[in-house]
Amino acid sequence: MEEIREQYDGRINYVVRYFPHQGHFNSMNAAVAVEAAAQQGQFEGMYRMMFETQAEWGEGQTSEAARFRGYAETLGLDMAAYDAAVADPATQERVEEDFNAGRALEVSGTPTFFLDGEQLELTAPEDLPNALDAALAQ
């Protein structure tokens, strides 16, 4: 995805939505941590850290909230504000808004891509750039 974002930079609007998969124990903790970082302008930094390290924590069955807090420290966040955001029910509600919107659009997992309001059915790596190229050519 990062390659595609770079390749199409300035030509497409790329939007990320939270969709914490219920089958992954830490998905809500991770999404809340990213949203708490986003409240301090560090969505991108936290998002990248989560994806770069997902193999380390993604399948775990114990809370990784302390690990995610460590990521926030690494990013230089105001830790009192981060802790307050993580504890604030409104932060999880914000994540749940995206999740519920995804469910309403029949999203069942991640990643899911929409282009011009239509959900894409991708079966091969080249399908997404091909769809983007076709849309940009119109």
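Quick look at the structure, then.

## A closer look at the environment of V107
Line of reasoning, step 1. Structurally, V107 can be placed in the loop between α6 (89-104) and β1 (114-115).
Line of reasoning, step 2. Measuring from C-alpha to C-alpha, the distance between V107 and A87 comes to 27 Å, with 20 residues separating the pair along the chain.
Line of reasoning, step 3. Leaving out residues up to four positions away in the same chain, V107 has contacts with F19, G102, T112 and F114.

## Some words on the pattern of salt bridges
Line of reasoning, step 1. As enumerated under the stated definition, the model contains nine salt bridges in all.
Line of reasoning, step 2. Residue E56 is joined to R67 by a salt bridge in which the shortest nitrogen-to-oxygen separation is 2.9 Å. Of this pair, E56 sits in helix α3 (residues 43-57) while R67 sits in helix α4 (residues 65-74), placing them eleven residues apart in sequence.
Line of reasoning, step 3. You can call E56 exposed: its relative accessible area is 54%.
Line of reasoning, step 4. Under the relative-accessibility criterion, R67 is labelled partly exposed at 27%.
Line of reasoning, step 5. Via salt bridges that share partners, E2, R5, E44 and R48 belong to a single interconnected network.

## Remarks on the side chain of S27
Line of reasoning, step 1. For S27, the location among the structural elements is in helix α2 (residues 27-38).
Line of reasoning, step 2. In this structure S27 touches P20, H21 and Q22, once residues within four positions along its chain are discounted.

## Some remarks on unusual backbone geometry
Line of reasoning, step 1. A cis amide bond links T110 with the next residue in sequence, P111, at an omega value of -5°.
Line of reasoning, step 2. The residue P111 is located in the loop between α6 and β1 in this model.
Line of reasoning, step 3. Residue E106 is not a glycine yet carries a positive backbone phi of 65°.
Line of reasoning, step 4. Structurally, E106 is set in the loop between α6 and β1.
Line of reasoning, step 5. The class of E106 is exposed, set by a relative accessible area of 66%.

## Points about the packing of aromatic side chains
Line of reasoning, step 1. Applying the stated criterion across every chain yields a total of six aromatic pairs.
Line of reasoning, step 2. The interplanar angle of 20° and the centroid separation of 5.4 Å between the aromatic rings of F43 and Y47 together place this pair among those described as stacked. You can see F43 and its partner Y47 sitting in helix α3, four residues apart, about one turn around the helix.
Line of reasoning, step 3. Since its relative accessible area comes to 8%, Y47 is described here as buried.
Line of reasoning, step 4. Three or more aromatic residues joined by ring pairs form one cluster here, namely Y18, F43, Y47 and F51.

Analysis parameters
- Residues numbered from 1 in each chain as written.
- Predicted model: local features only at pLDDT ≥ 70, side-chain atom pairs only at ≥ 80, totals over all residues.
- Heavy atoms only, no water.
- Helix = DSSP H or I, 4+ residues; strand = E, 2+ residues; numbered from the N terminus.
- Contact = heavy atoms within 4.5 Å.
- Salt bridge = Lys/Arg side-chain N within 4 Å of Asp/Glu carboxyl O.
- Buried < 20%, exposed > 50% of the residue type's maximum accessible area, 1.4 Å probe, protein only.
- Phe/Tyr/Trp six-rings, centres within 6.5 Å; stacked < 30°, edge-to-face > 60°.

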